[in-house]
Amino acid sequence: MASNSHTPVGQLQSRRSFSSTGRRYQRRSDCNSTSTTRSGDGSLTNTPTSTGPGILGVAGKNGKADVAEPSTEPHEAVKVILLGDSSVGKTCLMVRFNDGAFHAGNFISTVGIDFRTKVMTLDGTPLHLQIWDTAGQERFRSITASYYHDADAILLVYDMTSWSSFEHLNGWLSTVRDMAPKDVSLLLVANKSDLSSSKRVNDQAAAELAQEHKVCFLEVSAKTGDNVSLAFEAVARSVLANRALKAKDDAGKGKAFDLGKYVEENSTKSECSC
């Protein structure tokens, strides 16, 4: 992925290179991160957190980055993978959520894997959200597939103005079922809701697919920001709730997080369904 040469405030840029063995070395620079807090009225507030010099780290094929954190406060770490065809807007969604920006025309297709991190607080719990943006092209599948195994959540993105990207969801879902953890929190994300006049995937088709695979779908817009934060926050809450149930050792008595209900109650304007 390529972005503007000028780094927006709060943006955490990453640089990647792959060795012949597939081990990936990462350099983090411009280490201004953002912290997101949801207030009582439901609004999200982005504030800059600590800054520091560039940090070097190494990430192996399992997708775990060996990177030091500037804060000593313990955080829950949640690994979120963005999947879907090329050009559906995965990178734009990541940048919108992480930086609150939309850079039209400033991106090329992601090569291999890109990575961002964001610190946010959910119900008083500090959360370290690790966002992995994967390439959608077939030739990179062998690289990106290795990142599924320890994913906590997956946002499977399609372009609601592209029928082919929707048709390919069955293949993506099959791969997720085969390679991702059984308890992974999964949300179908229909991007580009701002282009409703060019919509090619109707709500009925999306709802039927979601029902067939027992998942939820949500329409978002990386351009306007509509429902983007909700998509990331919803799967993060689902992951934390699942962990809490496991920790109690009495999952049969606990109440699982209802991802569909949460999305439906908090979405704005666009369609959502389970």
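Placed above this text is the structure.
What counts, and where the lines are drawn
- Residues numbered from 1 in each chain as written.
- Predicted model: local features only at pLDDT ≥ 70, side-chain atom pairs only at ≥ 80, totals over all residues.
- Heavy atoms only, no water.
- Helix = DSSP H or I, 4+ residues; strand = E, 2+ residues; numbered from the N terminus.
- Buried < 20%, exposed > 50% of the residue type's maximum accessible area, 1.4 Å probe, protein only.
- Pairing = 2+ DSSP bridges.
- Core = buried A, V, L, I, M, F, W, Y, C linked by side-chain atoms within 4.5 Å.
- Contact = heavy atoms within 4.5 Å.
- Axes fitted to C-alpha atoms, helices over the stretch in contact; angles between N-to-C directions.
- Parallel < 35°, antiparallel > 145°, perpendicular 65-115°, else oblique.
- Left-handed = near helix turned anticlockwise from the far one by under 90°.
- Nonpolar A, V, L, I, M, F, W, Y, C, P; charged D, E, K, R; others polar.
- Phe/Tyr/Trp six-rings, centres within 6.5 Å; stacked < 30°, edge-to-face > 60°.
- Lys NZ or Arg CZ within 6 Å of the ring centre and 35° of its normal.
- Arc of directions from axis to C-beta.

(A) Just unusual backbone geometry, in detail. Not every positive phi belongs to a glycine, and K192 is a case in point at roughly 75°. Along the chain, K192 turns up in the loop between β11 (185–191) and α5 (203–212). Unusually for a residue other than glycine, K214 sits at a positive phi of about 55°. Secondary-structure assignment places K214 in the loop between α5 and β12 (216–219).

(B) Examining the pairing of strand β9 (residues 125–134) more closely. Most of β9 is tucked away, with nine of its 10 residues classed as buried. Relative to β9, strand β7 (residues 76–83) runs parallel, the two sharing seven bridges. Bridge assignment links E76 to a residue of β9, and that residue is L127. Between the end of strand β8 (residues 113–122) and the start of β9, which pair antiparallel, lie two residues, with D123 showing a positive phi angle near 50°.

(C) Broad picture of the nonpolar core. If you look at the biggest cluster of nonpolar residues, it comprises 34 residues, and the most contacted ones within it are L127, L129, L155, L187, V189 and F232. A total of nine residues in this core trace back to one element, the largest contributor, which is helix α6 (residues 228–248). Not counting residues up to four positions away in its chain, the partners in contact with L155 are V80, I81, L82, L83, L187, V189, A231, F232 and V235.

(D) Representation of the packing of α6 against helix α7 (residues 259–266). Where α6 contacts α7, the two axes come as close as 10 Å, and the packing angle between them is 150°. As far as their axial angle goes, α7 and α6 are roughly antiparallel. With respect to the hand of their crossing, α6 and α7 are arranged in right-handed fashion. Seen from α6, the contacting residues are L230, E233, A234, V235, R237 and S238; seen from α7, they are L259, Y262, V263 and N266. Class assignment for the residues of the contact of α6 with α7 results in six nonpolar, two polar and two charged.

(E) Expanded view of the packing of aromatic side chains. Applying the stated criterion across every chain, the model contains five aromatic pairs. A centroid spacing of 5.1 Å and a plane angle of 45° characterise the contact between W163 and F166, whose relative ring orientation is tilted. In this pair, W163 and F166 both sit in helix α3 (residues 163–167), three residues apart, roughly one turn of the helix. Residue classification places F166 among the buried residues on the basis of a relative accessible area of 8%. Between F257 and Y262 the ring centres are 5.6 Å apart and the planes differ by 50°, which places this aromatic pair in the tilted class. Judged by relative accessible area, which is 25%, F257 ranks as partly exposed. One aromatic cluster is present, built from ring pairs that chain together Y158, W163 and F166. Taking NZ or CZ as reference, K79 lies 5.4 Å from the ring centre of W132, over its face.

(F) Looking closely at helix α4 (residues 169–179). Listing the buried residues of α4 in full gives L169, W172, L173 and V176. Down the axis of α4, the buried set is contained in an arc of 100°. They therefore lie on one face.

(G) Structural detail: the packing of helix α1 (residues 90–99) against α6. Running from N to C, α1 and α6 cross one another at 85°; their axes reach a closest spacing of 9 Å. The angle between α1 and α6 falls in the class roughly perpendicular. Contact residues: α1 offers L93, M94, R96 and F97, while α6 offers V228, S229 and F232. Among the residues forming the contact of α1 with α6, the class breakdown is five nonpolar, one polar and one charged.

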